[in-house]
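Structural features, examined
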Amino acid sequence: MRILSDRQYEALFFSLLEIVESPEQVRARLGDRQRDRSFLSWLRRFGQTQLQNSANHEALAQQMVALAAVDLGVLSNLAGEIGEQLLAKAAEPPEEMPPADESSPSESANGENLLAAEQDERATFYHHQGKEAFYRGDFEGAITACNHALRFKPNWYEALSSKGASLGELGQYEKALTSYDNALRFKPDFHKALTGKGISLDKLERCEEAITAYDDALRFKPDYHEAPYNKGVSLDNLGRYEEALTAYDQALTVKPDYHEALYNKGISLCNLGRYEEALTAYDDALRFKPDYHEAPYNKGVSLDNLGRYEEALTAYDQALTVKPDYHKALTNKGNSLCNLGRYEEAITACGQALTVKPDDHKALTNKGNSLDKLGRYEEAIAAYDQALTIKPDWHGAWINRGIAASSSVRCNTPVVFSLPISLQDQSLDQRGYEGQIACYTIGLKHVQESENLEGWGELYRQKGRAHYFHGRFRPDAQHYLEESINAYKEALTALPAFPTSHLAVLQDAIRAYLGLSTKPAKASEYRRQGLEVFHQLLNDASTPTQKQRLEQKFSGFSQIQVDSLIREGNPTQALQTAERYKNCTLGWILDTWKEQITIPSWADMQTLLTPTTAAIYWHLSPDNLTTFLLTAEATEPQVISVVPADELKNWVKAWQQRYQTYRKKSKSEEGAAVERDRPNHPWRLSLRSDLQKLQEILNIPQLEASLSHCTHLLLVPHRELHLLPLHALFSKPFITTYLPSCQTGLTLKQKQTSQPAPEQFPALLLETPENDELESLVFAEVETALVAHLCTQQGQSPAIVGSSQAHTATVVAALNHPHRLFHFTGHGAHDYRQPKKSALALTGTESLSAGEIVKLDLQPYDLVTLAACETAAVGQADPHTDYVGLASAFLAAGSTQVISTLWTVDSQSNAWLMVQFYQRYLTGTPAPLALHQAQHWLRTATYSALADWLESLNTQAFRQSCTSDEDETLLDTIGKLRQESATVKATHTPYADPYYWAAFTLTGYCHES
């Protein structure tokens, strides 16, 4: 238990006396302190001081006697004893002082000194009374007591300073300032008065003068921790956050456990965007004061800013444990839940905040945001209206109300306004585009440029966006583009002082000007301005996370640059711009941020190509899908097509919605899991037609016409395209390899195998981990046994991690041992919010995440095969990031090639495809060609051919190496295949559907291609 100062014990004791009538509150506030021996020692000294003092302390004595009735052990007994003694003393008749004129001649000489001593005693008594009143919160009483003290001792600087403190607590800062100045007249070096003066000046918004006062206090007492702390507060108020940090650190040098300084340090760091450092400061504050609810609340704010919403929820709950009615924490908890897609829970949290504080406009706005996400647009609008009733100049509510209105339909019933009369306007009844524009137009009447410049500019920006998105594909698009640009011009006059908002509106304006073919120069000018602002922001960012978040927030700016450069007829620079952002994204998502992002030249990119190998490079901006063709003989990349992005985005959205319903396990009436291989599900039924439509959207026939000389393709997708089977769209039998970026290919091409794997263990196989929570993969064990058998046939005895031993530490140790090949059968999952948390499921509840994989040394590995469901899963990718997950993590760790799957594959066909692949790969066929041949074999194999092939594998050597269950499964499968062969046409191919073979992709670089 930490020992407190006398002043802290005194404050604690008087706070107990204030609530003495509530024993439960006394015990709760005191906590373990009732056993604090230092507290008892202080109380004995305090009692002695009171008994020696001639003043009447009857009121204090009665409170101490009352405290004795609270069961606090020795502490309450001691307080009662002191109280009884003080009451007994108060009952004694006062001693009368002889009149001055009755003093003897000998006394007369000392009469003046006796009077001065009496005045000092009385002044001290009243000053002490003032302190007691101050600690009780009776500031008026404290001022009265200090005035009495000053009657007896007018030049007493301490009483003047104490009076100033009480005036400050009452908000009378001008009077407090006068009192402190009077104290300093008598003692110019009194550091407490100088500090108090600074606090009053700060409250009066005279922050520069306050800082001078604090500096004066520190000149006279350099180790006075309160002066640099309060100096930091003033610097914070001036927006001088770096200097504020220095001041807080100065205070903490003197008092390392000063939790207020640690907390404010966190606030300054947060204001500087240094959120990780802010988290450390808040945690330090909580170490010294665990019940300081504002520290976990602001910790949650920093976590929100880092996009770590789950952790933010934990922080807000920590704050609410200390202060359950803390409406700010409830409001922000609702926002975090909304960001996590937990909209119903978010609405509940906001409702709880509104129960505590019904006029919390931010809680109402957050509630509206979740209602909007649920498609309950009219309820969302009602919530925004309530927020605007409370705060009509709240631009966030006007903006979000407009977005909800644009998604809703026109009301068919008369509108019932929830807005006050001053805000009512019939145009707010409109919905769709008209309702959105009306909302922003009326909002601009209430959000004044002179009072909220950023909010005013943001409303104009949103108005411009509404015009743009409504009209960009209409026959009269030019009109809407002009209206959009006019709104952006207004926004640009307001936002230069707010760099991130300024860059956002420049990004929007560039896009609008690109749509106006008559004004390409303006788009170029804005692009130049935007680059200057963007680079300045990056230069000002002090941490990799800040740089990362800027790159993420303004990914659209980089993407629009590509569109602009293509319009200007500069495809090479456009490709390099696209490549820069890809490499940046790959780095920061996998926690390998680099200050200098590598941008390969066109000549460098061409070294990946040969006369028979071309690359197709897609780029998806907010507006356009661009397809580049890269060939070895070209002088520059060829732009094959630039098409509106909306058609692809709508296709992807529909595809993903169907797939997500397919991948979820449903339950039969008996509660047993239904097999995922459901050929009658809409996603399965529409798979072929969906891929044919995607083929049209991506202009695959036009691409193929330019690839007559090619046998190999390098596919470099972008964003959502990473999640689709692009290789399955080509009618020609191209051998395909995927790359996250060209630079990834160049890095892999240059890779030198510095750690040759021991010949006795060239392959590492991981059997399907035991996991009761995940679906059992019936054929995975057979697959592993067959692959192990094939390795042995080639004289390459594999190392095998058994299913029950597949713990994280064991797998990591095995991977760090040099091998040429790693084969995994099991389950995998992609985390779209935090890609580095994408993981392979291991034994029990353990896993191996992308963040852990990227730290491994996999340089010796030529191939990693993730023969599992969803190791390159389909889902909703973050629109501001490129695809990064398990495959990218294995490549970043050093592996040359990775085979992964795009969806929940069929366990049986997965096994046959993988074994066919290894029959070719282990005998020297390059991995891309081996996978291509295995896929072709699977899609064309008949039941009879499958049975014959499996019988050829079921040799005596295999049966001796496998388990009885594996042998039984294989024999049973052969029998079923023979039965199917007898009942269907001989030419029937059961695995021809793309579902069975198109999910498998190979990412990386093959030296032989």
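Residues numbered from 1 in each chain as written. Predicted model: local features only at pLDDT ≥ 70, side-chain atom pairs only at ≥ 80, totals over all residues. Heavy atoms only, no water.

**Quick look at the overall build of the chain**
As a reminder of what qualifies: Runs of H or I in DSSP of at least four residues are treated as helices and runs of E of at least two as strands, each being numbered from the N terminus. Think of it in three bands: with a 1.4 Å probe and only protein chains considered, a residue is buried below 20% of the maximum accessible area for its type, exposed above 50%, and partly exposed in between. Residue contacts follow a heavy-atom distance rule, with two residues in contact if any of their heavy atoms lie within 4.5 Å. In these tables, accessible area is a Shrake-Rupley quantity obtained with a 1.4 Å probe, and a residue counts as shielded only by the protein chains included in the view.
A count of helices and strands for the chain gives 47 helices and 13 strands. Considering the chain as a whole, with its 1009 residues, one finds that 54% of them fall into the buried category. In the chain, 67% of the contacts between residues at least 6 apart in sequence involve partners at least 24 apart. When the accessible surface of the chain is totalled, it reaches about 44200 Å², and 49% of it is carbon and sulfur.

**Thoughts on helix α8 (residues 139-152)**
Residue pairs three or four apart in sequence face the same way in an α-helix, which turns once every 3.6 residues. Stated precisely, the cut-off is as follows: To estimate how far a helix should extend, the number of its residues minus one is multiplied by 1.5 Å.
The end-to-end C-alpha distance of α8, which contains 14 residues, comes to 20 Å, matching closely the 20 Å that a straight helix rising 1.5 Å per residue would cover. Of all the positions in α8, only Phe139, Ala142, Ile143, Ala145, Cys146, Ala149, Leu150 and Phe152 are classed as buried.

**Re the pattern of salt bridges**
Note the threshold: By definition, a salt bridge exists where a carboxyl oxygen of Asp or Glu is found within 4 Å of a side-chain nitrogen of Lys or Arg.
Tallied over the entire structure, the rule returns 44 salt bridges. Between Asp623 and Arg472 there is a salt bridge, with the nearest N and O atoms lying 3.2 Å from each other. Taken as a pair, Asp623 in the loop between β1 (613-620) and β2 (624-630) and Arg472 in the loop between α25 (453-471) and α26 (477-494) lie far apart in primary sequence, 151 residues in all. By relative accessible area, Asp623 is classed as buried at 9%. Judged by relative accessible area, which is 17%, Arg472 ranks as buried.

**A word on the environment of Lys131**
Mapped onto the elements of the fold, Lys131 is located in helix α7 (residues 111-136). Along the chain, Lys131 and Ala11 lie 120 residues apart, while their C-alpha atoms are 9.7 Å from each other.

**A few points about the nonpolar core**
Let me state the cut-off plainly: By nonpolar core we mean a set of buried residues, namely Ala, Val, Leu, Ile, Met, Phe, Trp, Tyr and Cys, connected to one another through side-chain atoms within 4.5 Å.
With 88 residues, the main nonpolar core has Tyr297, Ala329, Trp398, Leu459 and Tyr526 as its most contacted residues. Leave out the neighbours within four places in its chain, and Tyr297 touches Tyr316, Ala319, Tyr326, Lys328, Ala329 and Asn332. In this structure, Leu620, Ile700, Ala728 and Leu863 belong to the second largest nonpolar core, which totals 86 residues.

**Description of the packing of aromatic side chains**
Short version of the rule: Working definition: a ring pair exists when centres of Phe, Tyr or Trp rings (six-membered ring for Trp) sit within 6.5 Å. Plane angles under 30 degrees give stacked, over 60 give edge-to-face, the rest tilted.
This structure, assessed with the given rule, holds 43 aromatic pairs. Here the aromatic rings of Tyr433 and Tyr480 are separated by 5.7 Å at their centres, their planes lie at 75°, and the arrangement is edge-to-face. Of the two residues, Tyr433 sits in helix α24 (residues 432-446) while Tyr480 sits in helix α26, which places them 47 residues apart along the sequence. Just as Tyr433 is buried, Tyr480 falls in that class too. Taking 5.2 Å as the distance between ring centres and 85° as the angle between the ring planes, the aromatic pair formed by Tyr468 and Phe469 counts as edge-to-face. Classification of Phe469 by relative accessible area gives partly exposed; the value is 36%. Joined through ring pairs, the aromatic side chains of Tyr9, Phe13, Phe14, Phe39, Trp42, Phe46, Phe134, Tyr135 and Phe139 make up one cluster.

**Considering the confidence of the model for the chain**
Short version of the rule: Note on scores: pLDDT gives the predictor's confidence for each residue, bounded by 0 and 100.
Here the chain averages 85 in pLDDT, and 88% of its residues register 70 or above. Predicted confidence for residues 94-112 stays below pLDDT 50, and this span has 2 contacts to residues more than four positions away or in other chains. Confidence drops under pLDDT 50 across residues 666-676; counting only partners more than four residues distant or on other chains, this segment forms 14 contacts.

**Thoughts on the environment of Pro154**
Mapped onto the elements of the fold, Pro154 is located in the loop between α8 and α9 (157-169). The exposed category is assigned to Pro154, whose relative accessible area is 55%. Residues contacting Pro154, with those up to four places away along its chain left out, are Leu160 and Phe186.

**Examining the packing of helix α13 (residues 226-237) against helix α15 (residues 259-271)**
Basically, it comes down to this: Axis geometry follows a simple rule: fit a line to the C-alpha atoms, using only the stretch in contact for helices, then measure angles between N-to-C directions, giving values from 0 to 180 degrees. These descriptions rest on fixed angle ranges, namely under 35 degrees for roughly parallel, over 145 for roughly antiparallel, 65 to 115 for roughly perpendicular, and the rest for oblique. Crossing handedness is defined as follows: a turn of the near helix away from the far one that is anticlockwise and smaller than a right angle gives a left-handed crossing, while the clockwise case is right-handed. When residues are grouped by polarity, Ala, Val, Leu, Ile, Met, Phe, Trp, Tyr, Cys and Pro land in nonpolar, Asp, Glu, Lys and Arg in charged, and all others, Gly among them, in polar.
One way to put it is that α13 packs onto α15 with a least axis distance of 10 Å and a crossing angle of 20°. Regarding the angle of α13 to α15, the classification is roughly parallel. Crossing of α13 against α15: the hand is left-handed. In contact with Tyr229, Val233 and Asp236 of α13, α15 contributes Glu260, Ala261, Asn264 and Ser268. Taken together, the residues that form the contact of α13 with α15 break down as 3 nonpolar, 2 polar and 2 charged.

**A short note on the packing of helix α14 (residues 241-254) against α15**
To characterise two packed helices, one gives the angle between the axes of the helices and the distance between these axes. Their axes nearest at 9 Å, the elements α14 and α15 cross at an angle of 160°. As judged from the angle between their axes, α14 and α15 are roughly antiparallel. In the packing of α14 onto α15, the handedness of the crossing is left-handed. Contacts between α14 and α15 pair Tyr241, Ala244, Leu245, Tyr248, Asp249, Ala251 and Leu252 from the former with Ala261, Leu262, Asn264, Lys265, Ser268, Leu269 and Asn271 from the latter. The residue inventory of the contact of α14 with α15, partitioned by class, reads 9 nonpolar, 3 polar and 2 charged.

**Describing a negative patch on the surface**
This is how it is decided: Patch definition: residues above 30% relative accessible area lacking any salt bridge, with like charges linked at up to 9 Å and the nonpolar side chains Val, Leu, Ile, Met, Phe, Trp and Tyr linked at up to 5 Å. Charged residues are defined narrowly, with Lys and Arg counted positive, Asp and Glu counted negative, and His plus the chain ends left uncounted. The atoms used to mark charge sites are NZ of Lys, CZ of Arg, CG of Asp and CD of Glu.
The grouping of Glu770, Glu781, Asp965 and Glu968 at the surface amounts to a negative patch. Of the residues examined, Glu781 reaches a relative accessible area of 44% and is grouped as partly exposed.

**Quick word on the pairing of strand β13 (residues 1000-1004)**
The condition is simple: When DSSP finds at least two bridges between two strands, those strands are taken to pair.
The buried count for β13 comes to 5 of 5 residues, which makes it a mostly enclosed element. What you see with β13 is no split at all: Phe1000, Leu1002 and Gly1004 on one side and Thr1001 and Thr1003 on the other are buried throughout. Judged from the 5 bridges that link them, strand β12 (residues 897-901) and β13 form a sheet pairing that is antiparallel. Considered in β13, the bridge of Ile899 is made with Leu1002.

**A closer look at unusual backbone geometry**
Although it is not a glycine, Asn699 sits at a positive phi angle of roughly 55°. Here Asn699 shows up in the loop between α35 (687-697) and α36 (700-705). Despite not being glycine, Arg719 shows a phi value in the positive range, around 50°. Within the element layout of this structure, Arg719 appears in the loop between β4 (712-716) and β5 (735-738). Judged by its relative accessible area of 6%, Arg719 falls in the buried class.

**A closer look at helix α3 (residues 37-52)**
Note the following rule: Comment: arc refers to directions from the helix axis out to C-beta atoms.
Between its first and last C-alpha atoms α3 spans 23 Å; for 16 residues at 1.5 Å apiece the expected length is 22 Å, and the two agree. The set of residues buried in α3 consists of Phe39, Leu40, Trp42, Leu43, Phe46, Gly47 and Gln50. For α3, the angular spread of buried residues about the axis comes to 160°, placing them on one side. Residues of α3 that are exposed and point more than 90 degrees away from the buried face comprise Arg37 and Gln52.

**As for the environment of Leu848**
Residue placement: Leu848 occurs in strand β10 (residues 847-849). The spatial distance from the C-alpha of Leu848 to the C-alpha of Lys837 is 8.7 Å, given a sequence separation of 11 residues. Excluding anything up to four places from it in sequence, Leu848 contacts Thr808, Val811, Val812, Leu815, Ser838, Ala839, Leu840, Leu842, Ile853 and Leu886.

**Some remarks on the pairing of β5**
Of the two faces of β5, the one carrying Ile735 and Thr737 and the one carrying Thr736 and Tyr738 are both buried. Sheet topology places β4 next to β5; 4 bridges connect them, and they run parallel. Bridged to Leu715 within β5 is Tyr738.

**Some remarks on the side chain of Asn910**
Note on placement: Asn910 falls in helix α42 (residues 907-921). By relative accessible area, which is 4% here, Asn910 ends up buried. If we ignore the near neighbours within four places in the chain, the residues touching Asn910 are Glu783, Ala867, Val905 and Phe1000.

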